[in-house]
Amino acid sequence: MKLPATSSFKAPVKFRMPTADNLVPIRLDIENEGQRYKDAFTWNPSDPDSEVVVFAKKTVRDLKLPPQFTTQIAQSIQNQLNEFRSYEGQDMYTAEKIVPIKLDLRVNHTLIRDQFLWDLNNYDSDPEEFARTFCKDLAIDDPEVGPAVAFAIREQLYEIAIQSVASAREIKISKKGRRGSEHMSASKAGGNALDLMKLFRFNSSVVRKRKEWEVYEPFVDILSNEEVDVLEAREERNTR
């Protein structure tokens, strides 16, 4: 994948996900009458809002959830879409940056920990394709792991994009034009953004620095039923 020219990203760009598909990461966690529905998926913000209610009704019907879940699911999705759309048209700064992405997931019996660097300026990047390759390379058979990995990447990139909008606002207000002001904070993604062109000489959206291979080595573990039960009990306590 070819990196964009350095000079083309000095100026701000309009807000969007720094990926090939401009999709919104949607996370649902709804509880009603002792039943709980959790899910995570992506949504095209260009789709008509009428599709939200259709999706909610179908989900409730397929999962045999109480009818009141329909309104709750639809409202949660719509609120998250509205928040995403509120940033559309606003400026954001990326410059020549890569950011750290961290994975710390449990999907069914599979536990995954990993970290790598992602090029914010590569708008051809594809988290889903990366996740498929990730699972293939690590011989992960559970078909639910790939989508979970892709979603985790998209969720972090979304947070970074939001922070970049805030950074652009601050720069506009200050009008100081200092290069240092163009560097956004990426603390939610696990650290500060790095300068891609200074650190790396090859074209890629995802990189692992050679001297840090041990730190950036992916960790995958298959948990027993007993270990899963312990983790789920702990997660339930934390939720309460």
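It should be noted that the structure appears before, not after, this text.
Residues numbered from 1 in each chain as written. Predicted model: local features only at pLDDT ≥ 70, side-chain atom pairs only at ≥ 80, totals over all residues. Heavy atoms only, no water.

Examining the packing of aromatic side chains
Two aromatic rings are characterised by how far apart their centres lie and by the angle between their planes. For the structure shown, the criterion picks out ten aromatic pairs. Geometrically, the ring pair formed by Phe41 and Trp43 is tilted, given 6.3 Å between the ring centres and 55° between the ring planes. Relative to Phe130, the ring of Trp118 has its centre 5.8 Å away and its plane inclined at 80°; by these criteria the two rings are edge-to-face. Here Trp118, found in strand 6 (residues 110–119), pairs with Phe130, found in helix 3 (residues 127–137); they are twelve residues apart in sequence, far enough to count as distant. The burial state of Trp118 is the same as that of Phe130; both residues are buried. Taken together, Phe15, Phe84, Tyr87 and Tyr158 form an aromatic cluster joined through their ring pairs. (Phe/Tyr/Trp six-rings, centres within 6.5 Å; stacked < 30°, edge-to-face > 60°. Helix = DSSP H or I, 4+ residues; strand = E, 2+ residues; numbered from the N terminus. Buried < 20%, exposed > 50% of the residue type's maximum accessible area, 1.4 Å probe, protein only.)

Examining the layout of surface pockets
Space inside the largest pocket adds up to approximately 1,200 Å³. Lining of the largest pocket is provided by 30 residues; of these, Arg27, Lys38, Arg106, Val107 and Ala148 occupy positions nearest its centre. Residue assignment for the lining of the largest pocket shows that the elements contributing at least two residues are strand 2 (24–32), strand 3 (35–43), strand 5 (97–107), strand 6, helix 4 (145–174) and helix 6 (225–239). Of the residues forming the lining of the largest pocket, the biggest block, seven residues, is contributed by helix 4. Partitioning the lining of the largest pocket into residue classes produces twelve nonpolar, four polar and 14 charged. (1 Å grid on protein atoms, 1.4 Å probe; cavity = no way out; pocket = protein on both sides within 12 Å on 5 of 7 lines; lining within 4 Å. Points joined across faces, edges and corners; volume = space filled by probe spheres on them. Nonpolar A, V, L, I, M, F, W, Y, C, P; charged D, E, K, R; others polar.)

Some remarks on unusual backbone geometry
A positive phi angle is found at Glu33, which is not glycine, with a value near 50°. Considering the arrangement of structural elements, one finds Glu33 in the loop between strand 2 and strand 3. Backbone geometry places Ala139, a non-glycine residue, at a positive phi of 55°. Within the secondary structure, Ala139 sits in the loop between helix 3 and helix 4. Note on Ala139: relative accessible area 59%, which makes it exposed.

Structural notes on the nonpolar core
Among the nonpolar cores identified, the biggest contains 47 residues, and Ile73, Ile77, Val149 and Ile153 are the most heavily contacted of them. Among the elements of the structure, strand 2, strand 3, helix 1 (50–63), helix 2 (69–87), strand 5, strand 6, helix 3 and helix 4 are those that each provide at least two residues to this core. Considering each element in turn, this core owes the most residues, eleven residues, to helix 4. Excluding its chain neighbours within four sequence positions, the residues that come into contact with Ile153 are Ile101, Leu103, Phe116, Trp118, Pro127 and Phe130. (Core = buried A, V, L, I, M, F, W, Y, C linked by side-chain atoms within 4.5 Å. Contact = heavy atoms within 4.5 Å.)

Comments concerning the pairing of strand 5
In terms of residue burial, strand 5 counts as a mostly covered element, since eight of its eleven residues are buried. Bridge analysis of strand 5 against strand 6 gives ten bridges, and the strand direction is antiparallel. What sits directly across from Asp104, in strand 6, is Arg113. In this antiparallel pair of consecutive strands, strand 5 and strand 6, the connection spans two residues, and Asn108 shows a positive phi of 55°. (Pairing = 2+ DSSP bridges.)

Remarks on the pattern of salt bridges
In this structure the tally under the stated criterion is nine salt bridges. Across the salt bridge formed by Arg27 and Glu155, the nearest N and O atoms sit 2.8 Å from each other. Here Arg27, found in strand 2, pairs with Glu155, found in helix 4; they are 128 residues apart in sequence, far enough to count as distant. Residue class for Arg27 comes out partly exposed when judged on its relative accessible area of 44%. (Salt bridge = Lys/Arg side-chain N within 4 Å of Asp/Glu carboxyl O.)

Describing the environment of Val52
Secondary-structure assignment places Val52 in helix 1. Linking Val52 and Ala74, residues 22 residues apart in sequence, is a C-alpha distance of 5.7 Å. Excluding residues that lie within four positions of it along the chain, Val52 makes contacts with Trp43, Ala74, Ile77, Gln78 and Leu81.

Some details on the packing of helix 1 against helix 2
Where helix 1 meets helix 2, the closest approach of the two axes is 8 Å, and the angle between their N-to-C directions is 140°. The orientation of helix 1 relative to helix 2 falls into the category oblique. The chirality of how helix 1 crosses helix 2 is right-handed. Of the residues in helix 2, those in contact with Val52, Val53, Phe55, Ala56, Lys57, Thr59 and Val60 of helix 1 are Phe69, Thr70, Ile73, Ala74, Ile77, Gln78 and Leu81. When its residues are assigned to classes, the contact of helix 1 with helix 2 shows ten nonpolar, three polar and one charged. (Axes fitted to C-alpha atoms, helices over the stretch in contact; angles between N-to-C directions. Parallel < 35°, antiparallel > 145°, perpendicular 65-115°, else oblique. Left-handed = near helix turned anticlockwise from the far one by under 90°.)

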